[in-house]
Amino acid sequence: MEVKRMQWILLGAAGILEVAWACAMKASAGFTKLIPSLLTFAGYIASALFLSFALKKLPLGTAYAMWTGFGIVGTSVLGVFLFNERLSLPQCICILLIVAGIVGLRLLGGNK
C-alpha cells in the first residue's frame, strides 16, 4: 500500500477514535463511571498516536483540520442517536459545511 494512502487511513482511524473517546467521556458522567472513563483515556491516547503517525507525511493544517472536523461531525451525529440530543436546522447546516470543508481539504488540498 502506498505510504501516503496509509497516512490517510491512519488519519481516518484517529478521527474515529476521536469520536469514540468524546462519546465515552459523555457517558462517563464526569468520570464517575469506571468503564467509560477508561475508554475515554484509552481512546484519547490512541487517537493522538494515530494522528501523530498520520502527520509523518500529511500537512499539519490539513490533517488537524480534518481530525477535528471528524470529531465535530461524528460527535454531533452520535449525540443525537446515543444521547437524545437535538440539532437545530442552523446546526445541521453548519455541520454540512464542516463536511464540505473536510471533503474539500481532502480533494483539493490534501494531496500535496
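Asker: An account of the overall build of the chain is requested, with residue identities and associated values reported.
Answerer: Along its length, the chain carries four helices and zero strands. Listing the helices and strands of the chain from first to last along the sequence gives α-α-α-α. Projecting the C-alpha coordinates of the chain onto the three principal axes gives extents of approximately 45 × 35 × 20 Å. The proportion of buried residues among the 112 residues of the chain is 29%. In the form shown here, the chain has an accessible surface area of approximately 7000 Å², with 73% of it arising from carbon and sulfur atoms.

Asker: How would you summarise the state of the cysteines if you had to cite specific residues and measurements?
Answerer: Across all of its chains, the model carries zero disulfides by this definition. Unpaired in terms of disulfides, Cys-23 finds its nearest cysteine sulfur in Cys-92, a separation of 16 Å. Of the residues examined, Cys-23 reaches a relative accessible area of 11% and is grouped as buried. Lacking any disulfide linkage, Cys-94 is separated from the closest cysteine sulfur, that of Cys-92, by 9.4 Å.

Asker: Mind laying out unusual backbone geometry, listing which residues take part and the relevant values?
Answerer: Trans peptide bonds make up most of the peptide bonds, and negative phi angles are found at most residues other than glycine. If you check the backbone angles, Ala-29 has positive phi at about 55 degrees while not being a glycine. With respect to the helices and strands, Ala-29 occurs in the loop between helix H1 (3-27) and helix H2 (34-54). On the basis of relative accessibility, which here comes to 40%, the residue Ala-29 falls in the partly exposed class.

Asker: For H1, give the residues involved together with the corresponding values.
Answerer: Compared with an ideal rise of 1.5 Å per residue, which puts 25 residues at 36 Å, H1 spans 36 Å between its outermost C-alpha atoms and is within 8% of the ideal. For H1, the set of buried residues is Gln-7, Trp-8, Leu-10, Leu-11, Ala-14, Gly-15, Glu-18, Val-19, Trp-21, Cys-23 and Ala-24. As for H1, its buried residues are in contact with H2, helix H3 (60-83) and helix H4 (89-109). Downstream of H1 by a residue or two, Ala-29 has a phi angle that is positive, lying close to 55 degrees.

Asker: Report on the nonpolar core, specifying residues and quantitative values.
Answerer: Ranked by size, the top nonpolar core spans 13 residues in total, and within it Trp-8, Leu-11, Leu-51, Ala-54, Leu-58, Met-66 and Trp-67 carry the most contacts. Every element with two or more residues in this core is listed here: H1, H2, H3 and H4. Leu-51 has contacts with Leu-11, Ala-14, Ala-63, Tyr-64 and Trp-67, leaving out every residue within four places of it along the chain.

Asker: Explain the confidence of the model for the chain to me, using residue names and the numbers behind them.
Answerer: The predicted model of the chain averages 94 in pLDDT, with 96% of residues at 70 or higher. Mean pLDDT values for the elements of the chain range from 93 in H4 up to 98 in H2.

Asker: Outline the packing of aromatic side chains, listing residues and values.
Answerer: Between two aromatic rings, the relevant description is the distance of the centres plus the angle of the planes. Counting across every chain of the model gives three aromatic pairs. Measuring from centroid to centroid gives 5.1 Å for Trp-21 and Tyr-44, while their planes differ by 85 degrees, and the two rings are edge-to-face. Of this pair, Trp-21 sits in helix H1 while Tyr-44 sits in helix H2, and the two are 23 residues apart along the sequence. Residue classification places Tyr-44 among the partly exposed residues on the basis of a relative accessible area of 45%. Ring geometry for Tyr-64 and Trp-67: centres 5.5 Å apart, planes at 45 degrees, overall tilted. In this pair, Tyr-64 and Trp-67 are both assigned in helix H3, three residues apart and thus about one turn of the helix distant. Assessed through its relative accessible area of 45%, Tyr-64 is described here as partly exposed. Cation over ring: Lys-26 sits above Phe-83, and NZ or CZ is 5.9 Å from the ring centre. Above the ring of Trp-8, the side-chain terminus of Arg-106 is found at 4.2 Å from the ring centroid.

Conventions used here
- Residues numbered from 1 in each chain as written.
- Predicted model: local features only at pLDDT ≥ 70, side-chain atom pairs only at ≥ 80, totals over all residues.
- Heavy atoms only, no water.
- Helix = DSSP H or I, 4+ residues; strand = E, 2+ residues; numbered from the N terminus.
- Buried < 20%, exposed > 50% of the residue type's maximum accessible area, 1.4 Å probe, protein only.
- Areas by Shrake-Rupley, 256 points an atom, 1.4 Å probe, with all protein chains shown as cover.
- Disulfide = S-S within 2.5 Å.
- Expected span 1.5 Å × (residues − 1).
- Contact = heavy atoms within 4.5 Å.
- Core = buried A, V, L, I, M, F, W, Y, C linked by side-chain atoms within 4.5 Å.
- pLDDT = per-residue confidence, 0-100.
- Phe/Tyr/Trp six-rings, centres within 6.5 Å; stacked < 30°, edge-to-face > 60°.
- Lys NZ or Arg CZ within 6 Å of the ring centre and 35° of its normal.

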